[in-house]
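Analysis of the macromolecular model
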Amino acid sequence: MAAAAAAAGPRARSRAKAKPRPKQKQKRFVPQRLRVPRAADPLLAVLCWGVTHQVSELSHVPPPVMLLPDDFRASSKVKVNNHLFNRENLPGHFTFKEYCPQVFRNLRERFGIDDHDYQVSLTRTPPHWVGSDRRLLLSSDRTLVAKELSGEDVADVHGLLSHYHQYVVQCHGSTLLPRFLGMYRVSVDSEETYLLVMRNTFSHRLPVHRKYDLKGSLVSREASDKEKGKELPTLKDVDFLNRNEKVYVGQEDQRDFMEKLKRDVEFLVQLKIMDYSLLLGIHEVGREEPEEEELEEEEGGGDEGGPPGGYGTSPEGIGAFFNSHRPLGPGEFDPYVDVYALRGSEAAPRREVYFMGLIDVLTQYDARKKAAHAAKTVKHGAGAEISTVNPEQYGKRFLDFITNIFA
């Protein structure tokens, strides 16, 4: 035992003389649970991260039995400073804010969109800017668009949202109004960007060859020479008439469309909203496509070109229902995915598919509109077809014009 003790003694003394290790400062790394796609634009990277984060957070919260007034004023904000994850993809400082998360979650459900599909469509591959003014984003699968708003527009959406939600409930989601799905504020480098996400009016797979923005007015409603020089110009009411354009759909489709439109316009008139348009896109079945096509610039209308790989190739997202069934032939579409589409009638002079939806529904008849109406009345006369009439006159004139676009 003495020998054992002697053997243990030097080791014990050695441990006793050993210098204590300096204390290591514990670094706390925030685990990055969310996959963030690469995006050259920091704003797009934060948008993708924020939407993915918010959808993930909402998935752990049961939907409310009913929406309360506070839900229409609520918001959820995440502020990130000096983060240590995904530094190659995300800026070091940013803030992401979602407006009325429970309301838009409920709207997505009523429009038949699963939250996961919504998140995948919008964020799996970052959306891209379309148009020269960079005010519209198009999702990579072309099912969603996000329009940049002003702070005043955000206030208008808040004022409209409870009425809009109630209307969507009453019509069971069957409407030609824009299908609002989410509203966000992205703050990067002290710059704030407001975005309103909605369904794309145009198809995610059938390119549009002619398009019109129709308001029912003939004053200053002809596309400029510069616009007409574009590969895919946005034409207007006078152009529609001068080209003897017509929409050829079956009687039942026309009747259903006009019933929806009249109901939607009545809703807008009640809210004193005006200046809205019918965005009309026409796909010519069988027309050969150029290698590169013009990008769509209208609210609610996505581009007809896009990255290589064909249309609707994502295995998930809003277009997944289409991909899980048989391939569609020329001019065929899935009404679940292309919600604004109408098939041309058999009696039409050529095979076409039409995409028609209401856009620009945030303008109310306020003091500025009244002043503009008075000025234009003086200039053009009381009976002129000016655009700044009151909401009731605007709605009637709009419906009269749209009724006559059909063959």
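1. Here we look at the overall build of the chain
Secondary structure assignment for the chain yields eleven helices and twelve strands. Taking all 407 residues of the chain together, the buried fraction comes to 52%. Considering only contacts within the chain whose residues lie at least 6 apart along the sequence, 71% involve residues at least 24 apart. With the model as given, the accessible surface of the chain reaches about 21,000 Å², and the carbon-plus-sulfur share is 51%.

2. Remarks on the confidence of the model for the chain
Confidence in the prediction for the chain averages 83 pLDDT; 75% of positions are at 70 or higher. Taken together, the stretch residues 21-33 has pLDDT below 50 and engages in six contacts with residues farther than four places along the chain or on a different chain. This stretch, residues 303-314, has a pLDDT under 50; its non-local contacts, to residues over four places away or in other chains, come to 33 contacts.

3. A word on the packing of aromatic side chains
Summed over the entire model, instances satisfying the criterion amount to eleven aromatic pairs. Ring plane angle 70° and centroid distance 5.3 Å describe the contact between W49 and F94, whose orientation is recorded as edge-to-face. With W49 in helix α2 (residues 42-58) and F94 in strand β2 (residues 93-99), this residue pair connects regions lying 45 residues apart in the sequence. Of the two residues, W49 and F94, neither departs from the other in class, the shared state being buried. Through a chain of ring-to-ring contacts, three or more aromatic side chains come together here, namely Y212, F240 and F401. Positioned above the aromatic ring of Y118, the side-chain terminus of R108 is 4.6 Å from the ring centre. Over the ring of Y340 we find R179, and its NZ or CZ is 5.8 Å from the ring centre.

4. Details of helix α5 (residues 151-170)
Across its 20 residues, α5 extends 29 Å between first and last C-alpha, which sits within 8% of the 28 Å expected from 1.5 Å per residue. Phi for H172, located one or two positions after α5, is positive at around 55°.

Here is what the cut-offs are and how they apply
- Residues numbered from 1 in each chain as written.
- Predicted model: local features only at pLDDT ≥ 70, side-chain atom pairs only at ≥ 80, totals over all residues.
- Heavy atoms only, no water.
- Helix = DSSP H or I, 4+ residues; strand = E, 2+ residues; numbered from the N terminus.
- Buried < 20%, exposed > 50% of the residue type's maximum accessible area, 1.4 Å probe, protein only.
- Contact = heavy atoms within 4.5 Å.
- Areas by Shrake-Rupley, 256 points an atom, 1.4 Å probe, with all protein chains shown as cover.
- pLDDT = per-residue confidence, 0-100.
- Phe/Tyr/Trp six-rings, centres within 6.5 Å; stacked < 30°, edge-to-face > 60°.
- Lys NZ or Arg CZ within 6 Å of the ring centre and 35° of its normal.
- Expected span 1.5 Å × (residues − 1).

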